[in-house]
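These are the residues of each chain, in order.
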Amino acid sequence: MTPSPTTTSSPSEDPRAQELSLAGKVAIVTGASRGIGEAIARAFAAHGATVVLSSRTQETLDAVASSINEEQAGVGGGGRALAIACHAGKPDALEALFARVEDELGRIDVLVNNAATNPYFGAAIEAPEWAFDKTVEVNLKGYFLACQLAARRMVARGSGSIINIASILGIKPAPMQVIYAMTKAGVISLTKGLAQELGAKHVRVNAIAPGLIETQFASALIDNESMHRAHLRATPLGRHGQPNEIVGAALYLASEMSSFTTGAVMVCDGGFTA
Ligand SMILES: NC(=O)c1ccc[n+]([C@@H]2O[C@H](COP(=O)([O-])OP(=O)(O)OC[C@H]3O[C@@H](n4cnc5c(N)ncnc54)[C@H](OP(=O)(O)O)[C@@H]3O)[C@@H](O)[C@H]2O)c1
């Protein structure tokens, strides 16, 4: 049966829906001083965005921002970077970050919640309470508060894209990382719940679930020969990933190309969860 014609105008008719450009957009990327966050921030600037890099250490962020700005000055693509230090688990620090970005740049179009921690690698029944509190503070409370701060402003403007970096451990937990996996499952739940609340306000909320990616964060696993080998055996592509291999998903979700995508979890794991 042919579907009946609809009079509702569709964003797919908007030519911007075909573009991966982030020109004119302001994006905040937490945990942007290295690893996946840095790779995403570099790619956003290369696609024309003004990117606010955040993590705890101003000095490291300044170095990354300078390198991005030099790179962008060379190509003249309009992208640029600004570095603002912020502890992603501290409510006052997060409020100050978002207020400053709004004051200085006038808008927030994209939030990438990426800064996370995993301070305890061991049996859950032996885990100290401090490790639980610390992991929940940054990975769950921090993500939630940053979503609130971004979404309030995006709702007021009538558009925005929030990207939460989860993990495949949020889909399929693993031993020795139970607390971390719990928080990443929470991030996926946060993403899907907020997507439902904010869809009508034109704010999209999606998650990316990386598999094993070679960063400082994953060094404990990659440096452990037997665990690394076991992981690779269970990965159809037979290798771990690089930070740059998460960038395509982030660019897609930040841009108008993903205008009909919300509440999604994009898995980038070499097939590990297949
Ligand atoms: N690598 C993997 O295999 C993998 C797999 C699945 C998911 N992920 C997720 O990917 C994201 C990025 O991880 P990554 O592998 O790129 O790690 P990474 O290279 O260690 O980078 C972590 C970033 O977060 C910042 N950070 C850490 N704690 C922070 C805090 N309390 N407040 C603000 N910034 C903080 C760090 O800077 P400072 O230390 O200077 O603050 C750094 O910029 C995380 O959400 C992680 O859970 C990673």
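Bear in mind the structure is a predicted one, so any value in this text is a computation, not a measurement. (Residues numbered from 1 in each chain as written. Predicted model: local features only at pLDDT ≥ 70, side-chain atom pairs only at ≥ 80, totals over all residues. Heavy atoms only, no water.)

**Quick look at unusual backbone geometry**
Stage number 1. Positive phi is not limited to glycine here, since Met176 has a value of about 75°.
Stage number 2. The topology assignment puts Met176 in the loop between β5 (160-165) and α5 (178-198).
Stage number 3. Positive phi, normally seen in glycine, also occurs at His202, with a value near 70°.
Stage number 4. The residue His202 is located in the loop between α5 and β6 (203-210) in this model. (Helix = DSSP H or I, 4+ residues; strand = E, 2+ residues; numbered from the N terminus.)

**Looking at the sheet that holds strand β3 (residues 80-83)**
Stage number 1. Strand order across the open sheet formed by seven strands is β3-β2-β1-β4-β5-β6-β7, with parallel pairing between neighbours. Edge strands, defined here as strands with exactly one partner in the open sheet, are β3 and β7 (265-268). Neighbour-to-neighbour, the strand axes of the sheet open up by a mean angle of 20°, direction not taken into account.
Stage number 2. Sheet topology note: the β5/β6 ladder contains six bridges and is parallel. Bridging from a neighbouring strand, Ile163 pairs with Asn206 of β6. (Pairing = 2+ DSSP bridges. Axes fitted to C-alpha atoms, helices over the stretch in contact; angles between N-to-C directions.)

**Observations regarding a nonpolar patch on the surface**
Stage number 1. A contiguous nonpolar surface patch, about 240 Å² in accessible area, is contributed by Phe132, Val178 and Met182.
Stage number 2. Residue position: Met182 is located in helix α5. (Patch = residues over 30% accessible without salt bridge, like charges linked within 9 Å, V, L, I, M, F, W, Y side chains within 5 Å. Areas by Shrake-Rupley, 256 points an atom, 1.4 Å probe, with all protein chains shown as cover. Salt bridge = Lys/Arg side-chain N within 4 Å of Asp/Glu carboxyl O.)

**Quick word on empty space enclosed by the protein**
Stage number 1. For the coordinates displayed, the defined rule picks out one cavity of 30 Å³ or more.
Stage number 2. Empty space within the largest cavity amounts to approximately 60 Å³.
Stage number 3. With three residues, α5 is the single largest residue contributor to the lining of the largest cavity.
Stage number 4. In terms of residue class, the lining of the largest cavity is built from eight nonpolar, four polar and no charged. (1 Å grid on protein atoms, 1.4 Å probe; cavity = no way out; pocket = protein on both sides within 12 Å on 5 of 7 lines; lining within 4 Å. Points joined across faces, edges and corners; volume = space filled by probe spheres on them. Nonpolar A, V, L, I, M, F, W, Y, C, P; charged D, E, K, R; others polar.)

**Thoughts on the environment of Ala220**
Stage number 1. Note on placement: Ala220 falls in helix α6 (residues 219-222).
Stage number 2. Sequence separation between Ala220 and Ala174 is 46 residues; the distance between their C-alpha atoms is 14 Å.

**Some details on the confidence of the model for the chain**
Stage number 1. This prediction gives the chain a mean pLDDT of 94; 93% of its residues lie at or above 70.
Stage number 2. Considering only residues more than four positions removed or in separate chains, one finds that residues 1-9, a stretch of pLDDT under 50, has zero contacts. (pLDDT = per-residue confidence, 0-100. Contact = heavy atoms within 4.5 Å.)

**Looking at the site of the ligand**
Stage number 1. For the ligand, the set of nearby residues contains 30 residues, the closest of which are Ser33, Arg56, Asn114, Tyr180 and Thr215.
Stage number 2. The contact in question runs from an oxygen atom of the ligand to an N or O atom on the side chain of Arg34, over 3.2 Å.
Stage number 3. Phe217 places a main-chain nitrogen or oxygen 3.4 Å from an oxygen atom of the ligand. (Near = heavy atom within 4 Å. Polar contact = N/O pair within 3.5 Å; in protein donor to acceptor, adjacent residues only side chain to side chain.)

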